[in-house]
Amino acid sequence: MSSKSQDAVADVSVLPLTRPQLAEARRMRAAELFEQRRPSSEVARAVGMHPESVRRWKRLWERGGAQALRRRPATGRPPKLDDAQVEAVRAALEQGAQAHGFEADLWTLERVGVVVERVTGVTLARASVWRLLTGRLGWSLQRPRRRAVERDESEIARWVAHEWPRIKKGR
């Protein structure tokens, strides 16, 4: 294998499995061992689970096969925004807050909620806006750096270069 192709292989990153994915993989391994007629105690040791859990899995497996041990989709109320609406919101938010008529170019939950309502017609509670931003859009909390409006970078640089060494020598 050439070094170029080795580099290409090395660049492929594998994402770690999530906890639900790991649990499902463990159950699928147990199903393989059940098919081999291995005792439950041996299966429990092999997959690192309590024997009682393995016995419960085996009862499910006997009734419905490996499919019965697969992960099921989460139940509950469906999200208010579909994927297309979420992408429309993403595009709108990436334009910046000032593009939507806000004075400062920073987002608050209330401002995002207003934009979501304008773009999609759906009203979200603050908690739902937070879940939209962090869960579905992958955004994180960013706090603006507090700086005085009157701050003069050139005067600060001059003071550090000239005044500070003079004051420091006076010690």
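Structure shown above.
Rules behind the numbers
- Residues numbered from 1 in each chain as written.
- Predicted model: local features only at pLDDT ≥ 70, side-chain atom pairs only at ≥ 80, totals over all residues.
- Heavy atoms only, no water.
- Helix = DSSP H or I, 4+ residues; strand = E, 2+ residues; numbered from the N terminus.
- Buried < 20%, exposed > 50% of the residue type's maximum accessible area, 1.4 Å probe, protein only.
- Contact = heavy atoms within 4.5 Å.
- Areas by Shrake-Rupley, 256 points an atom, 1.4 Å probe, with all protein chains shown as cover.
- Core = buried A, V, L, I, M, F, W, Y, C linked by side-chain atoms within 4.5 Å.
- Polar contact = N/O pair within 3.5 Å; in protein donor to acceptor, adjacent residues only side chain to side chain.
- Axes fitted to C-alpha atoms, helices over the stretch in contact; angles between N-to-C directions.
- Parallel < 35°, antiparallel > 145°, perpendicular 65-115°, else oblique.
- Left-handed = near helix turned anticlockwise from the far one by under 90°.
- Phe/Tyr/Trp six-rings, centres within 6.5 Å; stacked < 30°, edge-to-face > 60°.

> Sorry if this is basic, but what is going on with the overall build of the protein chain here?
A count of helices and strands for the protein chain gives eight helices and zero strands. Along the first, second and third principal axes, the C-alpha atoms of the protein chain reach 85 × 55 × 40 Å. Across the 171 residues of the protein chain, 22% fall into the buried class. Intrachain contacts of the protein chain at a sequence separation of at least 6 include 45% that bridge at least 24 residues. Total accessible area on the protein chain is roughly 13300 Å²; 52% of this is exposed by carbon and sulfur atoms.

> Would you take a moment to explain the nonpolar core for this structure?
Soluble globular proteins: nonpolar side chains tend toward being buried together. Ranked by size, the top nonpolar core spans 16 residues in total, and within it L81, L93, V116, L124, L132 and L137 carry the most contacts. Put simply, the parts of the chain that give this core at least two residues each are α5 (83–94), α6 (109–120) and α7 (126–136). For this core, the element with the highest residue contribution is α5, accounting for four residues. Ignoring sequence-local partners within four residues, the contact set of L81 consists of V86, V116, T120, V122, L124, L132 and R136. Counting 12 residues, the second largest nonpolar core, distinct from the first, contains L33, V47, W61 and L69.

> Before we go on, may I ask you to explain the environment of R143 in this structure?
Counting through the fold element by element, R143 comes out in the loop between α7 and α8 (153–169). Spatially, the C-alpha atoms of R143 and D105 are 12 Å apart, while their sequence positions differ by 38 residues.

> For this particular structure, what's the right way to read the side chain of T120?
By the secondary structure assignment, T120 is in helix α6. At 2.6 Å, the side chain of T120 forms a polar contact with the backbone oxygen of V116.

> For this particular structure, what's the right way to read unusual backbone geometry?
Leaving glycine aside, a negative phi is the common case for residues, and trans is the common case for peptide bonds. Unlike most non-glycine residues, R37 shows phi in positive territory, near 60 degrees. For R37, the location among the structural elements is in the loop between α2 (19–35) and α3 (40–47). Since its relative accessible area comes to 68%, R37 is described here as exposed.

> Explain the packing of α2 against helix α4 (residues 51–64) to me, please; I cannot follow it from the model alone.
Relative orientation and spacing of two packed helices are given, respectively, by the angle between their axes and the distance between those axes. At a minimum axis separation of 10 Å, α2 and α4 run at an interaxial angle of 70 degrees. Regarding the angle of α2 to α4, the classification is roughly perpendicular. By crossing handedness, the relation of α2 to α4 is classed as right-handed. Between α2, through R26, R27, A30, A31, F34 and E35, and α4, the contact on the second element is made entirely by V54, W57, K58 and W61.

> Could you clarify how one ought to interpret the packing of aromatic side chains in this entry?
Per the stated rule, a full pass over the model turns up three aromatic pairs. Ring centres of F34 and W61 lie 5.4 Å apart, and the angle between their planes is 45 degrees; this geometry places the pair in the tilted category. Taken together, the positions of F34 in helix α2 and W61 in helix α4 put the pair 27 residues apart, joining distant regions of the chain.

> Whenever I open this one, the environment of V47 confuses me. Can you help?
Tracing the backbone through its elements, the reader meets V47 in helix α3. Separated by 45 residues in sequence, V47 and A92 have C-alpha atoms that sit 47 Å apart.

So far we have only geometry, and geometry alone does not tell us how the molecule works.
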